[in-house]
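Tertiary structure, described
What follows is each chain in one-letter form.
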Amino acid sequence: MNKKVIIPIFAVLLVLLVGVVLFLSHSLNEQKEVNQEMMELAELDKKEMENEYQQFADQYSEMKTRINNDSLVAQLTKEQMRTQELLKELKEVKSNDAREIARLKKELATCRAIIRSYIIEIDSLNRLNQNLREENSQIRGQYEEANRQIAGLNTEKASLSEKVAIAAQLDATAISLQPQTSNGKATKKLKKIRKFLLTFNIAKNVTAAAGNKTVYVQIKTPTNVVLSSAGTTAYENRHIQYTAKKTIEYTGEETPMSIYCNISEALIAGTYRVSIFCDGNMIGSRSFSFE
């Protein structure tokens, strides 16, 4: 082949080869940057898990200082050692080991649920002990005042159970009460009211424990009497009467609810107070006036 033809062809091939090399080099650099970013995110996620495991281990230590029950202390120690062992495993695993990270993240969720149950149990024991001490040393009025104080989270308990309390506390919004006749028609005449249709939403709360929830509704008359009592439920270390209840499956998303409250007595004009309870907490209330 003529040299005049070969040289240009060789030059073109050389240019193409250089272009391919530059393109592959650029693509490789971009992939390295993406991989680096993914590694940094994985390492950050792993660090956050380590911090939470350490927080749980510290909480077990603090809980053990607040109780005088050898059996419960032994259980807490066992769970603390298990948490510390999982933390050790997490520190030793590589951040790009997706399978192990996923397993330890699942274990973290289990640890979260276990420590929540122990916090609730310890708070219950502390409330009982406090009740006994108050009953032996103070007059009846001071004892009842102590019960009201115990019903809330005090400063000492807040350091341990703040996250659990927030996770457990649901919130009822958009509360509406519609009086109806026996056949379900809306009415404003007191003598025709045979039931109430209560509607509301349980607000979204992604930190709340999902599962079946029993919601209790209490309607109080203008004379402060519970309307058509259907039973009792626990609230603030005592049992209160409720008008109606309903069990739902709560997933953490906003959940609309409707509850029918049948009326077995005559109604009087005035303001009726509706209170909604779930998991031992009042999650919403509103007043309605009827003429």
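A quick note: this is a predicted structure, and the numbers were derived from the prediction, not measured.

Focus: helix 2 (residues 70-92)
Counted at 1.5 Å a residue, the expected span for helix 2 with its 23 residues is 33 Å, and the 33 Å between its end C-alpha atoms agrees. Those residues of helix 2 that sit buried are Leu72, Leu76, Glu79, Gln80, Thr83, Leu86, Leu87 and Leu90. For helix 2, the side-chain oxygen to backbone nitrogen distance between the N-cap and Ser71 is 3.1 Å, and the N-cap itself is Asn69.

So, the nonpolar core
With 30 residues, the main nonpolar core has Phe196, Phe200, Ile219 and Ile276 as its most contacted residues. Mapped onto this core, the elements with two or more residues apiece are strand 1 (172-180), strand 2 (195-202), strand 3 (211-220), strand 6 (244-250), strand 7 (255-262), strand 8 (270-278) and strand 9 (281-290). Residue contacts for Ile276: discarding those within four places in its chain leaves Ala172, Ile175, Leu198, Phe200, Val215, Tyr216, Asn281, Met282, Ile283 and Gly284. With 20 residues, the next largest nonpolar core counts Tyr53, Phe56, Tyr60 and Ile67 among its residues.

Quick word on the environment of Asn201
Take Asn201: it is sitting in strand 2. Measuring from C-alpha to C-alpha, the distance between Asn201 and Ala172 comes to 5.5 Å, with 29 residues separating the pair along the chain. The contact partners of Asn201, leaving out residues within four places of it in the chain, are Asp171, Ala172, Thr173, Ala174, Glu254, Thr255 and Pro256.

Topic: the sheet that holds strand 9
Strand order in the open sheet formed by four strands is 6-3-8-9, and the pairing between neighbours is antiparallel. In this open sheet, the two edge strands, each paired with only one partner strand, are strand 6 and strand 9. Strand after strand, the sheet turns through a mean of 20° between neighbouring axes, direction not considered. Bridging between strand 3 and strand 6 involves seven bridges; their strand directions are antiparallel. By the bridge assignment, Lys213 is partnered in strand 6 with Ile248.

A closer look at the confidence of the model for the chain
Predicted coordinates in areas of low pLDDT are best not read in detail. In this model, the chain carries an average pLDDT of 80, and 73% of its residues clear a pLDDT of 70 or more. Within the chain, the lowest mean pLDDT, 56, falls on helix 5 (residues 155-168), and the highest, 95, falls on strand 8.

Description of the sheet that holds strand 7
Sheets are built from strands that pair by backbone hydrogen bonding, the pairs being arranged parallel or antiparallel. Overall, antiparallel pairing links the three strands, which are arranged 1-2-7 in an open sheet. At either margin of the open sheet sits one strand with a lone partner, and together these are strand 1 and strand 7. Each strand axis lies, on average, 15° off the axis of its neighbour in the sheet, ignoring direction. As judged from the eight bridges shared by strand 2 and strand 7, these two strands associate in the antiparallel manner. Counterpart to Lys195 in the pairing with strand 7 is Asn262.

Let's talk about the side chain of Thr181
With respect to the helices, strands and loops of the structure, Thr181 is situated in the loop between strand 1 and strand 2. Note on Thr181: relative accessible area 15%, which makes it buried. Filtering out sequence-adjacent residues up to four positions away, Thr181 remains in contact with Thr187, Lys192, Arg194 and Lys195.

Thresholds, definitions, all that
Residues numbered from 1 in each chain as written. Predicted model: local features only at pLDDT ≥ 70, side-chain atom pairs only at ≥ 80, totals over all residues. Heavy atoms only, no water. Helix = DSSP H or I, 4+ residues; strand = E, 2+ residues; numbered from the N terminus. Expected span 1.5 Å × (residues − 1). Buried < 20%, exposed > 50% of the residue type's maximum accessible area, 1.4 Å probe, protein only. Polar contact = N/O pair within 3.5 Å; in protein donor to acceptor, adjacent residues only side chain to side chain. Core = buried A, V, L, I, M, F, W, Y, C linked by side-chain atoms within 4.5 Å. Contact = heavy atoms within 4.5 Å. Pairing = 2+ DSSP bridges. Axes fitted to C-alpha atoms, helices over the stretch in contact; angles between N-to-C directions. pLDDT = per-residue confidence, 0-100.

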